[in-house]
Amino acid sequence: MKLKRMSALLLCGTMLAGTLAGCSGSSSSAATSDATAATAESTSTDGAVTIKVFSNLTDRTSGQGLIEQTLFDSYMEENPNVTIEVEALDDESYKTKFKAYATGGNMPDLVNIWCSPSFLDEVVAAGTLEPLNADDYADYGFTEGSLDGVTYDGQIYGLPRNTDVLGFYYNKDLFEANGVEVPTTWDELLAAAQVFQDAGISPIAMDGQDKWPLAHFINCMIGTVKGADTYATMVNSVQNSDYSDPAWKDTVTAASEQASLLFQPGFETTDYATAMNLFMNGQSAMFFMGSWEMSMAPDFEVGYFTMPDFDGDGQGVIGAYNGGGYAISSSSAVKEEATALLNYMFQPENWSKLSWENGVCMSAQDFSQYLTGNETDLQNDIINALNTASGITGMTYNDLGDSAYKTLSEDSTAEVLSGMISVDDFFTNLQNG
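Residues numbered from 1 in each chain as written. Predicted model: local features only at pLDDT ≥ 70, side-chain atom pairs only at ≥ 80, totals over all residues. Heavy atoms only, no water.

Peer 1: So what exactly am I meant to see when it comes to unusual backbone geometry here?
Peer 2: A positive phi angle, near 50 degrees, is found at Asp153, a position not held by glycine. Topologically, Asp153 is positioned in the loop between strand S4 (151–152) and strand S5 (155–156). A positive phi angle, near 70 degrees, is found at Lys211, a position not held by glycine. By relative accessible area, Lys211 is classed as partly exposed at 28%. (Helix = DSSP H or I, 4+ residues; strand = E, 2+ residues; numbered from the N terminus. Buried < 20%, exposed > 50% of the residue type's maximum accessible area, 1.4 Å probe, protein only.)

Peer 1: Could you clarify how one ought to interpret the layout of surface pockets in this entry?
Peer 2: One simple way to see leftover space: roll a probe sized like a water molecule over the atoms. Empty space within the second largest pocket amounts to approximately 370 Å³. Lining the second largest pocket are 18 residues, and of these Thr306, Met307, Pro308, Asp309 and Ile318 sit closest to its centre. Contributions of two or more residues to the lining of the second largest pocket are made by strand S10 (302–305) and helix H14 (377–388). Counted by class, the lining of the second largest pocket contains 10 nonpolar, 7 polar and 1 charged residues. (1 Å grid on protein atoms, 1.4 Å probe; cavity = no way out; pocket = protein on both sides within 12 Å on 5 of 7 lines; lining within 4 Å. Points joined across faces, edges and corners; volume = space filled by probe spheres on them. Nonpolar A, V, L, I, M, F, W, Y, C, P; charged D, E, K, R; others polar.)

Peer 1: Where do I start with the environment of Lys211 in this structure?
Peer 2: By the secondary structure assignment, Lys211 is in the loop between strand S8 (202–205) and helix H8 (212–226). Distance from Lys211 to Tyr272, taken between C-alpha atoms, is 9.9 Å for residues 61 residues apart in sequence. Lys211 has contacts with Glu410, Asp411 and Ala414, leaving out every residue within four places of it along the chain. (Contact = heavy atoms within 4.5 Å.)

Peer 1: Please clarify how the nonpolar core should be interpreted in this entry.
Peer 2: Within soluble globular proteins, side chains that are nonpolar generally end up buried alongside one another. The biggest cluster of nonpolar side chains holds 85 residues, and the ones touching the most others in it are Tyr169, Phe217, Met286 and Phe287. Excluding its chain neighbours within four sequence positions, the residues that come into contact with Phe287 are Gly167, Phe168, Tyr169, Ala205, Tyr272, Ala275, Met276, Phe279 and Met296. Core analysis: the next-biggest nonpolar cluster, separate from the first, contains 31 residues, Tyr137, Ala340, Met345 and Ala364 among them. (Core = buried A, V, L, I, M, F, W, Y, C linked by side-chain atoms within 4.5 Å.)

Structure, rendered in structure tokens:
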């Protein structure tokens, strides 16, 4: 991964800043139309073709799963000889079965990936994924640096799906009823948490069972301290087992001391769905998660803010990176057809347009031409957070090493925040890993 990734999402946000009002989502170019025709032609054969897809989007009726299924249905309608079969599992089950597929040599044709070293390094080294032709995507509008996480030795092995921004969804009704303003500093976040605790409301719904949200929380805190140096600091820490930067100890210590105030009781055993339901049901005032949940629609008005400034210098960056995506299996018997489907999905008027206009997520492509001027307040909150940020963190520390480091770092983060190990033991674990 390259350091230019740090500016990629900010560039995208800056590019969108002047186009939020009065943009049409209906335009398309002749070049894109030609690409659509070429894709349809390349998959038109005399015989039937079945493309097997392995997805981590289990809900096919809303969110990203709906966008994915909509594109599959449209593709099959345009290409009657093609049948797309989808197997969908939740994230953790998906990763387990992905390994089984890779070991057994019977990987489905089109698969979901995570655009991080912890997932891709070993997969690419094992020859599991088919390299793609970078020239095919020159006109697809991928933002600068967004393909870095899927590039190895000059070859790209997948396409990123989203621009992911990390932060807090908050219940505007509960904030108003309890006289709480959106916090801009760490101390204000703690004060808000105390108000909600005193009112019998869990401050922040946290998915601690999956552990990676806790690592993202820590990484976002460090981002408010290190600013533009965050990504370089994280890379150095992981590659050289060097956690001597004071930002590490300051933030981990603070987070571990305040976890019981900030998060719901038993957060360490609370899964994603349960944490989200606590927020959706009004049992917690906030939910720490990524912008991929922007389509949530509870019975109250939702706002969004990013990690408040920890050290008070106002020089921090927001937590953001390019996360999940898609790749082609190297063992696929229908590589050409699967690649044609992948290319169809990422034509700008497809994934990028549909995901934004349906309020689902921000793509890793320039979607400025699809802004409608009728964005929800929640969409605007997230876009504004990106537009006004001085920079981004880039990929989080738990995903910058190999899979063993990912497990170790996430386990240790969960243990230190739940009080099972000391802060010193946390760093000893990471250094020895």
